[in-house]
Amino acid sequence: MFDKILIANRGEIALRVLRACKELGIATVAVHSTADEDAMHVRLADESVCIGPPASKDSYLNIPALLAACEITGADAVHPGYGFLAENARFAEILAEHNVHFIGPRPEHIRLMGDKIAAKRAATELGIPTVPGSTESVGSDAEAERWARDIGFPVMLKAAAGGGGRGMKVVRGESELGPALAMARAEAKAAFGDDTLYLEKYLERPRHVEIQVLGDGKGRAIHLGERDCSLQRRHQKVWEEGPSPALNTAARDQIGETVARAMRAIKYLGAGTVEFLYEDGKFHFIEMNTRIQVEHPVTEMITDIDLVVEQIRVAAGGDLTLAQSDVKFHGHAIECRINAENPVSFRPSPGKIVHYHPPGGLGVRIDSAVYHGYAIPPFYDSLVGKLIVHGKTRGECLMRLRRALDEFVVDGIETTLPLFRALAREKDVVDGDYHIHWLEEFLARGALER
Ligand code: ADP
């Protein structure tokens, strides 16, 4: 096992990793920018190192500074959390070159899944069904036109290097294709430094259903069921739950086993998520994330398995101690991502929290790094915290969620709490009857402004 883990992240996920390390008896090193001197992860870690100024590129993405921090503190492993360098294959390689373990998959798997065209090709070869689309990048506009005609409109233009819901364009007919290609290329270039695009059939009313996996890198891998992340704004998840209101046990077991078999075949190491669009009883792979995800607590609540502890164990060379039959699902969990944003305009609202009272009670979990008097800096994401609620049934979970949301006080900044209070009472959400465009349609109706 590792002696000392450096956590190359900030906010709630840095705290989440720190908690797992403490439970395993592993010493921790926090890193922070000058804007995060007062952050909770810095206060709770055994040691901390300042790695640069506020801008992420100069601090949390600064590989030489992170290496120096490992060297100074003698850390023998790095946990990247999510975002920042979590899916940077070169970072994993550089750490290995300096005899520091990367807590995550092998660089070749990070690289493979980071190229979404290659990932789809690999998925097909592994027997995972994918969204119909171009099997290669689209070069010229004429080539894109041929693919689009082949697939049939509407189609979606996507960036091969994409992430975070950016660089996607829906094209409903041939006349829109040319301008959309130009725009998508420019956006992809600006966001990812790579303007490679591919085409996919645009699905009108799917759900986003993803499978959590865990592998030991030696050919053992299991799945931990699914999370339904269909409630999205701008292709970004807002509310996640498990199990999905749309799946039954047979469907879950079947897709779960298909994915686990694929992970065994490639000897996948660590935690990962295989994402699908699910429509008319069929799964269509869209991408794989080779890291711990924001919504991982949903799975932890319904399986009682600590995903971060398991990540650390297998990264240290340990065998997967869990068999598929050890994974038992119980009850229902819902996670709300509460942001420091205006709940109607979604304008960021960083600043000082003058009063903070998180909810408590049975089945309520808060993953957050904020505290009374803490000032949310304007430089990073606007997550205040994640509220995760568990209940024996989906009905009990929703009851508890409404109660917990009503108890939650965050004063001094604007938050999206009112949005969640409304969602938890909205008929379609209560019925589990929603798809990936439902939330945008709900917001467009101006339901919160009244
Ligand atoms: P990113 O890596 O940027 O998160 P994904 O490929 O995971 O991109 O897609 C994010 C979201 O965009 C999906 O959850 C879904 O809501 C929407 N999306 C992606 N592909 C399609 C598609 N082919 N048809 C309809 N919606 C899509």
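Rules of the game
- Just so you know, the residues in each chain are numbered from 1, in the order the chain's sequence is written.
- Under the rules for a predicted model, residues below a pLDDT of 70 receive no local features and side-chain atom pairs below 80 are neither given nor counted, while totals for whole chains, interfaces and linings still include all residues.
- The side-chain values count all of the structure's non-hydrogen atoms but skip hydrogen atoms and water molecules.
- In this description a helix means any DSSP run of H or I spanning at least four residues, a strand means any run of E spanning at least two, and both kinds are numbered starting from the N terminus.
- With C-alpha atoms as the basis for the radius of gyration, the globule rule is written as 2.2 Å multiplied by the number of residues raised to the power 0.38.
- Whether two residues are in contact is decided by their heavy atoms, any of which lying within 4.5 Å being enough.
- Charged-residue counts in this description rest on Lys and Arg as positive and Asp and Glu as negative, His and the chain ends being excluded.
- By convention, the point assigned to a charge is CZ for Arg, NZ for Lys, CD for Glu and CG for Asp.
- Here a pair means two rings of Phe, Tyr or Trp (six-membered ring of Trp) with centres within 6.5 Å. Their orientation is stacked below 30 degrees between planes, edge-to-face above 60, and tilted elsewhere.
- Buried means the residue's accessible area, taken with a 1.4 Å probe over protein chains only, is under 20% of the maximum for its type, while exposed means over 50%, and partly exposed covers the values in between.
- Throughout this description, the term charge over a ring refers to an Arg CZ or Lys NZ atom that lies within 6 Å of the ring centre and within 35 degrees of the ring normal.
- Side-chain atoms alone can form a polar contact between residues adjacent in sequence; in general such a contact is a pair of N or O atoms within 3.5 Å, and within protein one must be able to donate a hydrogen while the other accepts it.
- Here the expected length of a helix is defined as 1.5 Å per residue gap, with one fewer gap than residues.
- In this scheme, the bend at a residue equals the angle between the axes fitted to the seven residues that finish there and the seven that begin there.
- Only protein atoms enter the 1 Å grid, on which a cavity is a set of points fitting a 1.4 Å probe that cannot get out and a pocket is an open set with protein on both sides within 12 Å along at least 5 of 7 lines, lining residues being those with an atom within 4 Å of a point.
- Grid points are joined across faces, edges and corners, and a volume is the space filled by probe spheres set on the points.
- Polarity classes work like this: nonpolar for Ala, Val, Leu, Ile, Met, Phe, Trp, Tyr, Cys and Pro, charged for Asp, Glu, Lys and Arg, and polar for all others, with Gly in that last group.
- Two strands are said to pair when DSSP picks up at least two bridges between them.
- Throughout, an axis means a line fitted to C-alpha atoms (over the contacting stretch in the case of helices), and angles, computed between N-to-C directions, take values from 0 to 180 degrees.
- When at least one non-hydrogen atom of a residue lies within 4 Å of a molecule or strand, that residue is treated as near it.
- Residue burial considers only the protein chains on display, and all accessible areas are found by Shrake-Rupley using a 1.4 Å probe.
- Less than a right angle of anticlockwise turn of the near helix away from the far helix marks a crossing as left-handed, whereas a clockwise turn marks it as right-handed.

Novice: Looking at this structure, I do not really get the overall build of the chain. What am I missing?
Specialist: Counting its regular elements, the chain contains 15 helices and 20 strands. Since a compact globule built from 450 residues should have a radius of gyration of about 22 Å, the 21 Å found for the chain is in line with a globular shape. Structurally, the chain occupies a C-alpha span of about 60 × 55 × 45 Å along its principal axes. For the chain, contacts bridging at least 24 residues in sequence account for 66% of all contacts bridging at least 6. Separation of charge centres in the chain, based on 53 positive and 64 negative side chains, amounts to 2 Å.

Novice: Looking at this model, I keep getting lost on the packing of aromatic side chains. Mind explaining?
Specialist: Aromatic ring pairs: the centre-centre distance and the angle between the two ring planes describe each pair. A full pass over the atoms with the stated rule returns 10 aromatic pairs. Taking 5.6 Å as the distance between ring centres and 85° as the angle between the ring planes, the aromatic pair formed by Tyr 60 and Tyr 380 counts as edge-to-face. With Tyr 60 in the loop between β3 (47-52) and α3 (63-73) and Tyr 380 in the loop between β18 (375-376) and β19 (383-391), this pair connects stretches of sequence that are 320 residues apart. For Tyr 380, a relative accessible area of 12% corresponds to the buried category. One aromatic cluster is present, built from ring pairs that chain together Tyr 60, Phe 84, Phe 379 and Tyr 380. The ring centre of Tyr 434 lies 4.5 Å from the NZ or CZ of Arg 207, which sits over that ring. The positively charged end of Arg 252 is found above the aromatic ring belonging to Phe 329, 6.0 Å away from the centroid.

Novice: Got a minute to help me understand helix α4 (residues 89-97) in this structure?
Specialist: Working note: α-helix, 3.6 residues per turn, so residues spaced by three or four point in the same direction. Where α4 is concerned, the buried positions are Ala 89, Phe 91, Ala 92, Ile 94 and Leu 95. In this fold, the buried residues of α4 make contact with α3, β4 (77-79), β5 (101-102) and α5 (107-114). One side-chain oxygen of the residue at the start of α4 lies 3.1 Å from the amide nitrogen of Arg 90, identifying that residue as Asn 88. Directly after α4, the chain includes Asn 99, whose backbone phi takes a positive value near 60°.

Novice: What should I look at first to understand helix α8 (residues 174-192) in this one?
Specialist: For α8, which comprises 19 residues, the first-to-last C-alpha distance of 26 Å matches the rise-based estimate of 27 Å (1.5 Å per residue) to within 8%. The sharpest bend along α8 comes to roughly 30°, located at Ala 180. For α8, the complete set of buried residues consists of Leu 177, Ala 180, Leu 181, Ala 184, Arg 185 and Ala 188. Where α8 is buried, its residues touch α7 (141-151), β6 (155-159), β7 (169-171) and β8 (197-201). Positioned one or two residues after α8, Gly 193 has a phi angle of 70°, which is positive.

Novice: Would you explain the layout of surface pockets in this entry?
Specialist: Take a probe with the size of a water molecule and roll it over the atoms, and the empty space left behind shows itself. The computed volume of the second largest pocket comes to approximately 200 Å³. Lining of the second largest pocket is provided by 13 residues; of these, Ala 92, Ala 96, Val 100, His 101 and Phe 102 occupy positions nearest its centre. Elements with a minimum of two residues in the lining of the second largest pocket: α4 and β5. Per element, the largest residue contribution to the lining of the second largest pocket is 3 residues, and it comes from α4. Here the residues of the lining of the second largest pocket are counted per class, giving 8 nonpolar, 3 polar and 2 charged.

Novice: Explanation requested: the side chain of Asn 9 in the structure shown.
Specialist: Take Asn 9: it is sitting in the loop between β1 (4-7) and α1 (11-24). The exposure class of Asn 9 is buried, given its relative accessible area of 3%. At a separation of 2.8 Å, a polar atom in the side chain of Asn 9 contacts the main-chain carbonyl oxygen of Tyr 82. Those residues in contact with Asn 9 that sit more than four places away from it in its chain are Ala 14, Val 31, His 41, Tyr 60, Pro 80, Gly 81, Tyr 82 and Phe 84.

Novice: What am I meant to see in the sheet that holds β6 here?
Specialist: In space, the 3 strands of this open sheet follow the order β7-β6-β8, with antiparallel pairing throughout. Each of the sheet's edge strands pairs with one partner strand only, and the pair in question is β7 and β8. Pairwise comparison of adjacent strand axes, ignoring direction, gives a mean angle of 30° for this sheet. As paired strands, β6 and β7 are joined by 3 bridges and run antiparallel to one another. Bridge pairing links Met 156 to Val 170 in β7. Most of the contacts of helix α6 (residues 116-125) go to β8, to which it runs at about 50°, and overall it touches β6 and β8. Packing of α7 onto the sheet brings it into contact with β6 and β8, and relative to β8 it is tilted by some 15°.

Novice: What is the right way to read the site of the ligand from this model?
Specialist: Not every one of the 22 residues close to the ligand is listed here, only the nearest: Gly 165, Lys 201, His 208, Gln 232 and Glu 287. Glu 287 places a side-chain nitrogen or oxygen 2.7 Å from an oxygen atom of the ligand. Its free accessible area being 550 Å², the ligand has 96% of it covered by the protein chains. The set of elements that each furnish at least two residues to the shell around the ligand consists of β6, β8, β12 (269-279) and β13 (282-289). Tallied by class, residues from the shell around the ligand come to 8 nonpolar, 7 polar and 7 charged.

Novice: Explain the packing of α3 against α4 to me, please; I cannot follow it from the model alone.
Specialist: When two helices pack together, their arrangement is captured by the angle between the axes and the distance separating the axes. Across the interface, α3 lies against α4 with an axial gap of 11 Å and an inter-helix angle of 35°. Where α3 crosses over α4, the handedness of that crossing is right-handed. Residues Ile 63, Leu 66 and Leu 67 of α3 pack against Phe 91, Ile 94 and Leu 95 of α4. Here the residues of the contact of α3 with α4 are counted per class, giving 6 nonpolar, no polar and no charged.

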